[in-house]
Amino acid sequence: MEEAKEIVNHLFEIVREISVYPECRNMSKRLYSNLVRRVKLLSPLFEELKDSEGVVGEEQLPALVSMVVALDSAKEILQSVNQGSKLYQALQEEDIAKKFQEVTEQIDKALTEISYRKLHISEEVQEQTELVHTQFRRAKERMDSPDSQLHMDLAMVLKDKESNITVLKRISEKLQLQTINDIKKESLALHELAISNEGDIGDCLEDMSSLLKKLKNSALSDRLYADTSEREDSFMNHRSPVIPDDFRCPISLELMKDPVIVSTGQTYERSCIRKWLDAGHKTCPKTQQTLLHTALTPNYVLKSLIIQWCESNGVELPRKQGNCRNKKSSSNVSDCDQAAIATLLQILMNGNSEEQRAATGELRLLAKRNSDNRVCIAEAGAIPLLVGLLSSPDPRTQEHAVTALLNLSIHEPNKGNIVNAGAIPDIVEVLKNGSMEARENAAATLFSLSVIDENKVAIGAAGAIPALINLLCQGSARGKKDAATAIFNLSFYQGNKVRAVRAGIVAPLMRLLMDSGGGMVDEALAILAIIASHQEGKVVIGQAEPIPVLIEVMKTGSPRNRENAASVLWSLCAGHVQHIQIAKELGAEETLKELLEHGTDRAKRKARNLLDLAERTDGAIEIS
């Protein structure tokens, strides 16, 4: 039976993956290691089932499916404990222990449902599995006692302004936050926690930040770094201190002065990673993972550590570079040559059409190359000239001009200068009538400008929304994504939601949503979730009969797509009995319950709201 074979193979892979999980080094290590050890002991069962043929009957499938769900839950809690914030786990110790208990109960229940006799496994494997089952049964009946000493220490440190050094040392040892690398990892873990929960973790984040700062100061003052003795010896011998690897940018290998975090969690010097991104790269240089976005988040904790390390070691504090005009010797001198830029601007003002095309193309490339160029080109007065060329009759010049403005807009202060030069109506005109590449870059430029809230209003009023919808329907894969991101950002302004709905945004979004191979499901759902929050949008979306595809996404989509699908469904069903009834007929109950167990925090809230709404509504889903 093909389905049974797939399930058994999946179980085998899950157990194998958990079996090689690294050792846990925090306060949850006992719970972690016990669960890993017990799951590992199930390996012979699934290995024998995998190597056998035709031994799993259909009546055994529900039990094996339950085991898949249980082991997936085990993976989730094990990964969160070993990779997540140690401070969060300390402050939420009882909740963490409860999650381990729930996973243990899930595995015990799945093992209880399995009939070993019907599986025809060997006696040896059956005996071992039954012994493991006994361990799970015993474990679910007892809860580990919380660490009362740790809780008292944490409460004392949070309460007192002047922290007791002995208490801080005890906490740092217990939580394994003793070295600079430990503190850096904890800082990143807190950053990821805040992002994944959309900042919605109550007072916990403030407490954790306060604790981390005190532990960091304690580590610095007591020289708890791994390389302390080496640095002190170097200092005593009047040699340059060894810069810790964690303070070096992975790209330049130099001491970082402005460390920033990319979406993969890696930290780089801002100017270095910006040059990498400006060169068109879409991956993290260190891990080669695709970047989910190009936003750069300041790593304030690491920056503070670098500054204090410099002060402690007599190292001159790193300074930010000035703008390109003040650099006497730099690899960027030729790119920022004021005379060259001035010559290009003269051509824009006085040259013939071919010269203007070439000069605009050169400025486009210079603006793409690095942030220094973007500052210099704008300060030289190029923006109004480029805006004027947006209405050039030469398509290539127009394309160069809008793309140059796109590249210049990456530098935050340039956004205001571009808008003040009256660019928005002309960019919208390019979006409507330019070449396909010009239209796509015009959409990207509008997205960049719309980061500033007041620009959202001006862009919508200039008629950008219908043109963006046209590009969403007609553009290349890249063009569709540019249009979608622009529409998404603009729709945070209420008036633009209405414009988008009235311009017919829902129909193309539904087509993109149903085309799972088109690569636009993420964007379509994100926009629908925003539009569905407006009454007019909710009505039009409801008329498009989206509930079947929303339920399918909630079953099989990515975590973020399942979350957005639940959000759209919640908006549709609130106060509309007919939508709830349709969802019931399509089997939404089980999907929502599964989402309640395994979705993101926001998805769980939406699923709970939907189930509660259904429970209160006549003719709605019956919840067992």
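Rules behind the numbers
- What you see as residue numbers is a count from 1 along each chain, following the sequence as written.
- In view of the model being predicted, local features appear only for residues whose pLDDT reaches at least 70, and side-chain atom pairs are presented and counted only at 80 or more, with totals across whole chains, interfaces and linings using the full set of residues.
- Values reported for side chains reflect all heavy atoms of the structure, with hydrogen atoms and water molecules removed beforehand.
- The term salt bridge refers to a pairing of a side-chain nitrogen on Lys or Arg with a carboxyl oxygen on Asp or Glu at a separation within 4 Å.
- Elements are defined by DSSP. Helices are runs of H or I of four residues or more, strands are runs of E of two residues or more, and each kind is numbered from the N terminus.
- Type-normalised accessible area, obtained with a 1.4 Å probe on protein chains alone, sets the label of each residue: buried when under 20%, exposed when over 50%, and partly exposed for intermediate values.
- Only buried Ala, Val, Leu, Ile, Met, Phe, Trp, Tyr and Cys residues count toward a nonpolar core, and they belong to the same one when joined by side-chain atoms within 4.5 Å.
- Only the six-membered ring of Trp is used, alongside the rings of Phe and Tyr, when aromatic pairs are assigned; centres must lie within 6.5 Å, and planes under 30 degrees apart are stacked while those over 60 apart are edge-to-face, with the rest tilted.
- Any Lys NZ or Arg CZ found within 6 Å of a ring centre and within 35 degrees of that ring's normal is scored as a charge over the ring.

Caption draft 1: View of the pattern of salt bridges. Tallied over the entire structure, the rule returns 19 salt bridges. Notably, a salt bridge pairs Arg364 with Glu437, separated by 3.0 Å at the nearest N-O pair. One end of the pair, Arg364, is in helix 17 (residues 353-369); the other, Glu437, is in helix 23 (residues 436-449), with 73 residues separating them in the sequence. Relative accessible area serves as the criterion here: at 15%, Arg364 is assigned to the buried category. A relative accessible area of 32% places Glu437 in the partly exposed class. Among the salt bridges present, the one from Glu399 reaches Arg396, with a minimum N-O distance of 2.3 Å. Pair noted here: Glu399 and Arg396 are both in helix 20 (residues 395-409), with a separation of 3 residues, about one helical turn. Three or more residues are tied together by salt bridges with common partners; here these are Arg364, Arg396, Glu399 and Glu437.

Caption draft 2: Region of the structure containing the nonpolar core. Counting 88 residues, the largest nonpolar core has Leu468, Leu472, Ile505 and Leu513 as the members making the most contacts within it. Core analysis: the second largest hydrophobic core is formed by 43 residues, Ala74, Ile107, Ile114 and Ile121 among them.

Caption draft 3: Region of the structure containing the packing of aromatic side chains. Scanning all chains against the criterion turns up 2 aromatic pairs. With a centroid separation of 5.8 Å and an interplanar angle of 75°, the aromatic rings of Phe247 and Trp309 are classed as edge-to-face. Of the two residues, Phe247 is situated in the loop between helix 13 (228-236) and strand 1 (259-261) and Trp309 in helix 15 (residues 300-313); the sequence distance between them amounts to 62 residues. Note on accessibility: Phe247 and Trp309 belong to one class, buried. With centroids separated by 5.1 Å and ring planes inclined at 85°, the aromatic side chains of Phe488 and Phe492 adopt a geometry described as edge-to-face. Over the face of the ring belonging to Phe12 we find Lys50, whose NZ or CZ atom lies 5.1 Å from the ring centre.

Worth remembering: the numbers are spatial, not functional.
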